[in-house]
Amino acid sequence: AINDVLAAVQLGRHAGQEGVIVLINILVGFAIESQAIETIGNSLHCLDQTQRERLKRELNEVRPELDMQAAMQGEKDVFLGWLIREMEGGRSGEALLALVSGDAETRISNRVKNASQAQLIEWAKDLGATYDAAGQIMSGSPAEAKTKAQQLMSQLADEATGNPLGELFLPSFGAARQAEARYLTRQKLLEAAFAVFDDGPEALDRTEYRDPFGDGPFKMIPVEGGVELVSDLIRGDEPMKLSIPGL
């Protein structure tokens, strides 16, 4: 079982780091590893000290360095050159809209369909600076990134100065930053869970186990059959947490 969960973690980390790094690679990796973390947290009470030490050691051995700005650069490198070539090659706005899964907002689709080829090319080339701005935004805190991402998307939606191609094709970089924060919080929750098993609840007060996006340590809340470690980071309407049976 330990081998299986470590293999799942390795799969998630390789998924996020193979080939050209773009956001979807990283997000798939987050999802896979997050499921493994939940499984480990729910199973810690079944493991002895030697098994827990092995898990901690191997989880830390190949932890990748995340760089969401580099992922946005990958998005720019993979997509933007293609888009400019397509526009310069004469692809119409209507043909471009056909590439979008689902229906674009009427406001956006009308601007794209009614634009001249020269305007489409200009919009495509202008997206380079937009990708760079999005990458900068992703280096901020989750709260800052959320606010600034909304501001950037509002600028793109401006009828006079905005860029409808950005609205259509720019990846959901603000949501990706939130996903990264959740992933990092899950990792830290698991590290804190190991520490609580080894050294007791007072381990939560150590700096290395504090809530990465909160103002202090994780909260430890008794629940039936064990405890929950709870972060200040909110997902939807609920705080991030990890269930730890057996404590």
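The structure displayed is predicted, hence computed values, not measured ones.

Definitions and cut-offs
- Residues numbered from 1 in each chain as written.
- Predicted model: local features only at pLDDT ≥ 70, side-chain atom pairs only at ≥ 80, totals over all residues.
- Heavy atoms only, no water.
- Phe/Tyr/Trp six-rings, centres within 6.5 Å; stacked < 30°, edge-to-face > 60°.
- Helix = DSSP H or I, 4+ residues; strand = E, 2+ residues; numbered from the N terminus.
- Buried < 20%, exposed > 50% of the residue type's maximum accessible area, 1.4 Å probe, protein only.
- Axes fitted to C-alpha atoms, helices over the stretch in contact; angles between N-to-C directions.
- Parallel < 35°, antiparallel > 145°, perpendicular 65-115°, else oblique.
- Contact = heavy atoms within 4.5 Å.
- Nonpolar A, V, L, I, M, F, W, Y, C, P; charged D, E, K, R; others polar.
- Pairing = 2+ DSSP bridges.
- Core = buried A, V, L, I, M, F, W, Y, C linked by side-chain atoms within 4.5 Å.

## Some points on the packing of aromatic side chains
Geometry of an aromatic ring pair is reported as the spacing of the ring centres plus the angle between the planes.
Stage number 1. Here the structure, examined in full by the defined rule, presents three aromatic pairs.
Stage number 2. Look at Phe79 and Trp82: their rings are 5.6 Å apart centre to centre, the planes differ by 40°, and that puts the pair in the tilted class. With Phe79 and Trp82 both in helix H4 (residues 68-88), this residue pair falls three residues apart, about one helical turn.
Stage number 3. The buried category is assigned to Phe79, whose relative accessible area is 18%.
Stage number 4. The interplanar angle of 40° and the centroid separation of 5.2 Å between the aromatic rings of Phe79 and Phe169 together place this pair among those described as tilted. One end of the pair, Phe79, is in helix H4; the other, Phe169, is in helix H9 (residues 164-169), with 90 residues separating them in the sequence. We note that Phe79, like Phe169, is buried.
Stage number 5. Linked through ring pairs, Phe79, Trp82 and Phe169 together constitute an aromatic cluster.

## Quick word on the packing of helix H8 (residues 142-157) against helix H10 (residues 173-199)
For any two helices packed against each other, the geometry is given by the interaxial angle and the distance between the axes.
Stage number 1. It is the contact of H8 with H10, at a shortest axis distance of 8 Å, that shows an interaxial angle of 170°. Regarding the angle of H8 to H10, the classification is roughly antiparallel. Of the residues in H10, those in contact with Pro142, Ala145, Lys146, Ala149, Leu152 and Met153 of H8 are Phe173, Gly174, Arg177, Gln178 and Ala181.
Stage number 2. Within the contact of H8 with H10, the residues separate by chemical class into seven nonpolar, two polar and two charged.

## A short note on the sheet that holds strand E2 (residues 226-235)
Stage number 1. If you trace the three strands from one edge of the open sheet to the other, you get E1-E2-E3, paired in antiparallel fashion. The open sheet is flanked by strand E1 (219-223) and strand E3 (238-245), the only strands paired with a single partner. For this sheet the average axis-to-axis angle between neighbouring strands, irrespective of direction, equals 35°.
Stage number 2. Examined bridge by bridge, E2 and E3 share seven bridges and lie antiparallel to one another.

## Let's talk about the nonpolar core
Stage number 1. If you look at the biggest cluster of nonpolar residues, it comprises 37 residues, and the most contacted ones within it are Met72, Leu83, Leu165 and Phe173.
Stage number 2. Those elements that provide at least two residues to this core are helix H2 (23-43), H4, helix H5 (93-97), helix H6 (106-114), helix H7 (117-137), H8, H9 and H10.
Stage number 3. When residues no more than four places from it in sequence are discounted, the contact partners of Leu83 are Leu96, Ala124, Leu127, Leu165 and Phe169.
Stage number 4. In terms of nonpolar packing, the next biggest core, distinct from the first, is built from 27 residues, Ile2, Ala193, Val196 and Phe218 among them.

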